[in-house]
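Residues per chain are reported as follows:
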Amino acid sequence: MASISGFSEKSFTCSICLDVFTDPVTTSCGHNFCMTCIRRHRDSSLCSRCPLCGIALDSKQDFNINRTIRDIAEGIKRKRIQENPEVSCDSCPKKKIAVKSCLNCGTSFCKTHLEPHETAEKLKKHKLINPVKNLDEYICKNHERPLELYCRDDQTAICQFCTESDHKNHNTAPLEEESLKLLMNQKIAVQQKIQDKMRKIKEIRHSTRFNKQAKEKEIEENIKFFKDIFERSNAEVLDLTEKKHKDTERRGEELIRGLDEEIKELKRRQTELEQLSNPVDFTQIINLLCSPICTKHSKNICISAHEHGGILRKTISWLQSVLDEKMRETVGRELRSIQRYAVDVTLDPDTAYPELMLSDNGKEVRNTGKSQQIPDTPKRFDHCSCVLGKEGFSSQKFYYEVQVSGKTEWDLGVAKESIDRKGEIGLNPENGYWTVWLRNRDEYAANDRLPVPLTLKEKPVKVGVFVDFDEGLISFYDVEARYHIYSFTGQSFPEKLYPYFSPGEYEEGQNSHPLIITPVNSTE
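Position labels on residues start from 1 in each chain and follow its written sequence. Restriction of local features to residues with pLDDT of at least 70 applies here, the model being predicted, together with a cutoff of 80 or more for giving and counting side-chain atom pairs; totals for whole chains, interfaces and linings are based on all residues. Values shown for side chains rest on all heavy atoms present in the structure; no hydrogens or waters enter the calculation.

Looking at the overall build of the protein
Working step 1: Only DSSP runs of H or I reaching four residues or more are called helices, and only runs of E reaching two or more are called strands; each is numbered from the N terminus. Within the protein one finds 7 helices and 23 strands.
Working step 2: Across the protein, the fraction of contacts at a sequence separation of at least 24, relative to all contacts at a separation of at least 6, is 58%.
Working step 3: Residue exposure ignores everything except the shown protein chains as possible cover, and the areas themselves are Shrake-Rupley values with a 1.4 Å probe. Taken as a whole, the protein presents about 33,000 Å² of accessible surface, with 51% of it coming from carbon and sulfur. Contacts are assigned to residue pairs with any non-hydrogen atoms lying within 4.5 Å of each other.

See the structure below:
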């Protein structure tokens with residue numbers, strides 16, 4: 001776009017004719033228009049208002065040309081002529097440059113040949129516009145008349161004769177008036193979008209600042225946590241080790257004292273034996289031998305270093321309990337964050353396996369063990385005990401929760417819209433399924449390319465399912481216990497995903513409890 005002295009060409013464009021000013025004038029409210037455009041606009045109504053700000057125009061104002069703006073506008077026009085091919089006068093043998101095009105005549109005129117349109121009364125009523133090469137686009141192709149009206153029903157420009165044929169009884173308005181209205185609406189819409197984008201930027205900046213603060217706080221808390229447990233565990237290990245070694249030293253000292261007493265007793269006996277008289281007094285010898293020597297400390301006097309291994313084991317066990325609690329706290333925060341993306345999931349009866357019974361509100365599904373007489377539509381599973389949600393999702397993030405208590409088997413997750421629903425199905429990402437399941441009351445697995453056995457600390461009561469399209473992530477959570485169960489990562493979702501449910505087989509009533517889609521309440 002051309003620029004004059006730092007101003008864009010848009011600054012010198014009339015908002016009525018949408019072209020660079022011709023004889024620009026300034027209204028009392030300070031806006032600029034072509035003299036002819038604003039006069040025609042003002043004179044078309046008893047109470048005309050400025051097309052830009054809506055302030056009432058002074059019907060008595062004598063418009064004077066703003067020479068400065070005119071000079072700049074003419075400079076822009078000259079620049080246009082230099083940059084673009086000129087429109088020639090259709091009446092000049094020498095093909096002078098046209099200054100106006102007449103829609104009624106279908107002809108472009110130079111300043112000299114335009115003079116009759118400025119003086120003759122009949123020609124004054126003709127519709128003049130700035131010279132254009134594509135003049136045919138401004139003239140009705142059916143009636144060869146100027147496009148002066150706008151049909152709101154068909155949203156197209158028409159001539160006066162069109163209202164008597166193809167557009168008869170249609171809602172029409174003067175083209176200039178409607179153009180101004182559409183222009184204003186477009187400006188308002190653009191301005192609204194700008195404001196929305198600016199508000200979004202403000203929100204993102206606020207979120208970024210908050211995220212930075214949250215990150216710093218989380219780093220600080222994590223450093224403090226690991227520092228605390230390290231110092232505490234280190235102090236506990238040192239304390240227990242010190243205590244154990246003191247106990248060992250005390251026991252050793254007691255053993256040494258006992259052994260010293262036994263040595264003294266043995267030496268005393270040795271002296272007695274040496275002092276026996278000759279000839280030998282057998283009675284005295286027998287009495288001496290019958291007097292036992294006390295050696296209670298002679299056995300079990302070994303002190304083993306292996307006795308200290310229990311200290312480390314106890315400390316690691318304590319650390320494990322602390323880390324488990326920290327994990328529950330972390331997963332709790334994670335759940336609170338993703339629960340914001342909760343969606344209202346309802347089961348789709350048109351997909352349900354014939355043995356499944358859905359509740360009236362579409363929130364519960366159970367296997368009755370009896371097949372119902374229902375149509376076998378392409379959407380319906382005909383072999384496996386499963387059902388999909390009614391609504392599919394194709395972008396951003398979504399989350400839902402399902403109660404699974406009392407069941408001996410179940411499947412949960414999401415599935416692609418294009419999955420094969422007939423016959424046996426393979427629950428894995430290659431076939432369009434991302435699921436976890438329960439089998440045989442307590443055997444849990446994630447159905448990745450190969451089943452991944454899961455060891456859960458508790459039997460889940462309620463399972464949360466979270467999908468993030470951008471991250472290619474599907475995660476499962478034990479909502480009540482606040483534990484992460486499993487995540488599929490690095491996935492690609494080229495089509496809609498639907499919530500997937502299987503209450504499992506009936507098992508002669510042993511697995512008759514339903515799966516229940518529950519409202520999402522943020523974890524505390």
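Still to come is the rest of the account.
Things to note about the sheet that holds strand β5 (residues 100–102)
Working step 1: Only when DSSP finds a minimum of two bridges between them are two strands counted as paired. What the 3 strands build is an open sheet, ordered β6-β5-β7; its pairing is antiparallel. At either margin of the open sheet sits one strand with a lone partner, and together these are β6 (107–109) and β7 (128–129).
Working step 2: Where β5 lies against β7, 2 bridges are found, and the strand directions are antiparallel. Paired with Cys102 across the strands is Leu128, a residue of β7.

Focus: a negative patch on the surface
Working step 1: Taken together, the side chains of Asp239, Glu242, Glu249 and Glu253 present a region of like negative charge at the surface.
Working step 2: Mapped onto the fold, Asp239 is located in helix α5 (residues 175–274). Residues qualify for a patch when their relative accessible area is over 30% and they have no salt bridge, like charges being joined within 9 Å and the nonpolar side chains of Val, Leu, Ile, Met, Phe, Trp and Tyr within 5 Å. Salt-bridge detection follows one rule: a side-chain nitrogen of Lys or Arg within 4 Å of a carboxyl oxygen of Asp or Glu. Only four residue types enter the charge count, namely Lys and Arg as positive and Asp and Glu as negative; His and the chain termini do not. Throughout, a charge is located at the NZ atom of Lys, the CZ atom of Arg, the CG atom of Asp or the CD atom of Glu.

Looking at the side chain of Asn130
Working step 1: Among the structural elements, Asn130 can be located in the loop between β7 and β8 (149–151).
Working step 2: Any residue under 20% of the maximum accessible area for its type is buried, any over 50% is exposed, and the rest in between are partly exposed; the area is computed with a 1.4 Å probe on protein chains only. Owing to a relative accessible area of 13%, Asn130 belongs among the buried residues under this scheme.
Working step 3: Side chain to side chain, Asn130 and Asp19 meet in a polar contact 2.7 Å long.
Working step 4: Each residue touching Asn130, except ones within four places of it in the same chain, is listed here: Asp19, Val20, Thr22, Val99, Lys100 and Ser101. In protein, a polar contact means a hydrogen-donor-capable atom and an acceptor-capable atom, both N or O and within 3.5 Å, with residues adjacent in sequence counting only if both atoms are side-chain atoms; elsewhere, any N or O pair within 3.5 Å suffices.

Side note on the sheet that holds β8
Working step 1: Strand order in this open sheet of 3 strands is β9-β8-β10, and the pairing throughout is antiparallel. Each edge of the open sheet is held by one strand with a lone partner, namely β9 (156–158) and β10 (172–174). For this sheet the average axis-to-axis angle between neighbouring strands, irrespective of direction, equals 35°.
Working step 2: Of the pairings in the sheet, the one linking β8 to β10 comprises 3 bridges and is antiparallel in character. Lines fitted to the C-alpha atoms define the axes, with helices restricted to the stretch that makes contact. Angles between their N-to-C directions range from 0 to 180 degrees.

A short note on helix α1 (residues 35–43)
Working step 1: Within the sequence span of α1, burial applies to Met35, Cys37, Ile38, His41 and Arg42. Seen from one end, α1 has its buried residues packed into an arc of 165°, which puts them on one side. Of the exposed residues in α1, those oriented more than 90 degrees away from the buried face are Thr36 and Asp43. As used here, the arc is the angular range of directions from the helix axis to the C-beta atoms.

Considerations on the pairing of strand β12 (residues 364–367)
Working step 1: Side chains Val365 and Asn367 of β12 all project onto a buried face; the interleaved residues Glu364 and Arg366 project onto a face where none is buried.
Working step 2: As judged from the 3 bridges shared by strand β11 (residues 356–358) and β12, these two strands associate in the antiparallel manner. Considered in β12, the bridge of Leu356 is made with Asn367.
Working step 3: What sits between β11 and β12 in their antiparallel hairpin is a turn of 5 residues, with Gly362 showing a positive phi close to 70°.

Quick notes on the pairing of strand β17 (residues 443–447)
Working step 1: Here β17 lies mainly inside the structure; 4 of its 5 residues are buried.
Working step 2: As defined by bridge partners, strand β16 (residues 433–439) adjoins β17 across 4 bridges and the pair is classed as antiparallel. By the bridge assignment for β17, Trp437 is matched with Ala445.
Working step 3: A loop of 3 residues connects β16 with β17, the two strands running antiparallel in sequence, and Asn440 in this loop sits at a positive phi of about 55°.
Working step 4: Counted between consecutive antiparallel strands, the loop separating β17 from strand β18 (residues 451–454) contains 3 residues.

Overview of the nonpolar core
Working step 1: Among the nonpolar cores identified, the biggest contains 36 residues, and Trp410 and Phe501 are the most heavily contacted of them.
Working step 2: Other than its neighbours up to four places away in sequence, Trp410 contacts Val404, Val436, Trp437, Leu438, Arg439, Tyr444, Val463, Ser502, Pro503 and Leu515. Each nonpolar core is a collection of buried residues, namely Ala, Val, Leu, Ile, Met, Phe, Trp, Tyr and Cys, held together in the definition by side-chain atoms within 4.5 Å.

Description of a nonpolar patch on the surface
Working step 1: Taken together, the side chains of Val190, Ile194 and Met198 present a nonpolar region at the surface, about 260 Å² in accessible area.
Working step 2: Given a relative accessible area of 52%, Met198 falls into the exposed group.

Describing the pattern of salt bridges
Working step 1: According to the stated counting rule, one finds 16 salt bridges in the structure shown.
Working step 2: For Asp43, the salt bridge identified is with Arg42, shortest N-O distance 3.6 Å.
Working step 3: On the basis of relative accessible area, Asp43 is assigned to the exposed category, the value being 59%.
Working step 4: Here Arg42 falls in the buried class, since its relative accessible area comes to 11%.
Working step 5: In this structure, Arg449 engages Glu430 in a salt bridge whose closest nitrogen and oxygen atoms are separated by 2.8 Å. Placement of Arg449 in the loop between β17 and β18 and of Glu430 in the loop between β15 (410–416) and β16 is noted, with a sequence separation of 19 residues between them.
Working step 6: Relative accessible area serves as the criterion here: at 68%, Arg449 is assigned to the exposed category.

A short note on the layout of surface pockets
Working step 1: Estimates place the volume of the second largest pocket at around 750 Å³.
Working step 2: Points on a 1 Å grid, built from protein atoms alone, make a cavity when a 1.4 Å probe fits but cannot get out and make a pocket when they are open with protein on both sides within 12 Å along at least 5 of 7 lines; residues with an atom within 4 Å of a point are the lining residues. In terms of lining, the second largest pocket is formed by 18 residues, of which the most central are Phe210, Ala214, Glu218, Arg333 and Ser337.
Working step 3: Contributions of two or more residues to the lining of the second largest pocket are made by α5 and α7 (309–338).
Working step 4: Broken down by element, the residue count for the lining of the second largest pocket peaks at 10 residues, all from α5.
Working step 5: Residue polarity follows a fixed list, in which Ala, Val, Leu, Ile, Met, Phe, Trp, Tyr, Cys and Pro are nonpolar, Asp, Glu, Lys and Arg are charged, and the others, Gly among them, are polar. Class assignment of the residues belonging to the lining of the second largest pocket gives a composition of 4 nonpolar, 5 polar and 9 charged. Grid points are joined across faces, edges and corners, and a volume is the space filled by probe spheres set on the points.

Brief notes about the packing of aromatic side chains
Working step 1: Here a pair means two rings of Phe, Tyr or Trp (six-membered ring of Trp) with centres within 6.5 Å. Their orientation is stacked below 30 degrees between planes, edge-to-face above 60, and tilted elsewhere. A full pass over the atoms with the stated rule returns 10 aromatic pairs.
Working step 2: Summarising the aromatic geometry, the rings of Trp434 and Phe493 are spaced 5.3 Å apart at their centres and angled 85° between planes, so their arrangement reads as edge-to-face. Here Phe493 lies in the loop between β21 (483–488) and β22 (497–502) and Trp434 lies in strand β16, a separation of 59 residues in the sequence.
Working step 3: Centroid distance Phe469 to Phe493: 5.3 Å. Interplanar angle 75°. Geometry classified as edge-to-face. With a gap of 24 residues between them, Phe469 in the loop between β19 (462–468) and β20 (473–478) and Phe493 in the loop between β21 and β22 connect regions that are remote in the sequence. Phe493 carries the same exposure label as Phe469, and that label is buried.
Working step 4: Three or more aromatic residues link up through ring pairs in this structure, and these residues are Phe393, Phe398, Trp434, Phe469 and Phe493.

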